Amino acid sequence: MRCPYCRHPDSRVVDSREADDGQLIRRRRSCPECGRRFTTVEEAVLAVVKRSGVTEPFSRTKIISGVRKACQGRPVDDDALAVLAQRVEEAVRARGAAEVPSHDVGLAILGPLRELDEVAFLRFASVYKSYDSLEDFEQEIAALRADRAEGPTGGSVSVPAAPAATPPEGAPRVAAATR
Ligand SMILES: [Zn+2]
């Protein structure tokens with residue numbers, strides 16, 4: 001890693017520690033040329049592939065802003081949205097693939113959102129699954145009711161099962177990047 005102070009092309013790692021529950025590694029580095037120290041953060045890149053084929057880094061902020069629209073006027077606070085985004089990220093990362101279709105990210109949102117607020121879930125699902133008739137809503141509501149009847153806590157709602165992910169041929173399972 002190049003020294004940000006003197007641009008010396010090399011540096012020495014003096015300390016490494018995990019942060020954000022193992023999601024990140026922070027390295028303290030020392031420049032052999034000018035002796036100054038700096039920190040680098042290493043994180044496995046998780047790319048979301050949009051329908052257009054364009055990829056962009058997974059972003060909890062984007063998850064939150066998407067879900068927040070569906071939560072307008074609902075008793076869902078920012079903390080709950082942050083937890084939801086974290087759960088979505090964990091579900092998506094658990095697939096072990098470095099690239100995830102945006103459609104699958106949407107699927108991973110549905111489960112946690114349904115637990116959080118059923119009205120917001122219906123709004124989100126209606127756009128996401130592009131309901132085009134009252135029957136679509138009726139079916140979804142019937143499914144919600146059926147789950148509710150199963151138990152006092154509303155039944156367990158699971159994140160849609162991810163198929164065993166296999167990375168594309170030749171692709172590393174996790175791409176490392178530094179920033
Ligand atoms: Zn330096």
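Residues numbered from 1 in each chain as written. Predicted model: local features only at pLDDT ≥ 70, side-chain atom pairs only at ≥ 80, totals over all residues. Heavy atoms only, no water.

As a further point, take the sheet that holds strand β6 (residues 99-101). Pairing within the open sheet is mixed, and its three strands lie in the order β5-β4-β6. A single partner strand is all that each edge strand has here, and the edge strands are β5 (55-57) and β6. The mean inter-strand angle of the sheet, taken between neighbouring strand axes irrespective of direction, is 35°. When strand β4 (residues 47-49) meets β5, the two strands line up antiparallel, connected through three bridges. Counted as the bridge partner of Ala47 is Pro57 from β5. (Pairing = 2+ DSSP bridges. Helix = DSSP H or I, 4+ residues; strand = E, 2+ residues; numbered from the N terminus. Axes fitted to C-alpha atoms, helices over the stretch in contact; angles between N-to-C directions.)

All right, on to the pattern of salt bridges then. Overall, the coordinates contain 14 salt bridges when judged by the stated rule. Where Arg17 meets Asp15, a salt bridge forms, and the shortest distance between an N and an O atom there is 3.1 Å. A relative accessible area of 53% means that Arg17 is categorised as exposed. The residue Glu43 makes a salt bridge to Arg93 at a minimum N-O spacing of 3.9 Å. Of the two residues, Glu43 sits in strand β3 (residues 37-45) while Arg93 sits in helix α2 (residues 78-93), which places them 50 residues apart along the sequence. Residues joined by salt bridges that share partners form a network here, namely Glu43, Arg60, Glu89 and Arg93. (Salt bridge = Lys/Arg side-chain N within 4 Å of Asp/Glu carboxyl O. Buried < 20%, exposed > 50% of the residue type's maximum accessible area, 1.4 Å probe, protein only.)

Attention now goes to unusual backbone geometry. A negative phi holds for most residues other than glycine; trans holds for most peptide bonds. We note that Arg7 has phi near 70°; this positive angle belongs to a residue other than glycine. On the secondary structure map, Arg7 appears in the segment before β1 (12-19). According to the relative accessible area criterion, Arg7 is exposed, its value standing at 52%. Even without being glycine, Ser130 reaches a positive phi, approximately 40°. Here Ser130 is to be found in the loop between α4 (118-128) and α5 (134-150).

Here we take up the packing of aromatic side chains. With the rule as written, the count across this model stands at two aromatic pairs. A centroid spacing of 6.0 Å and a plane angle of 15° characterise the contact between Phe124 and Tyr128, whose relative ring orientation is stacked. One end of the pair is Phe124 and the other is Tyr128, both in helix α4 and four residues apart, which spans about a single turn. Directly above the aromatic system of Phe121 lies the positively charged group of Arg114, at a separation of 5.7 Å from the ring centroid. (Phe/Tyr/Trp six-rings, centres within 6.5 Å; stacked < 30°, edge-to-face > 60°. Lys NZ or Arg CZ within 6 Å of the ring centre and 35° of its normal.)

Geometric descriptors of this kind do not, in isolation, establish any biological role.
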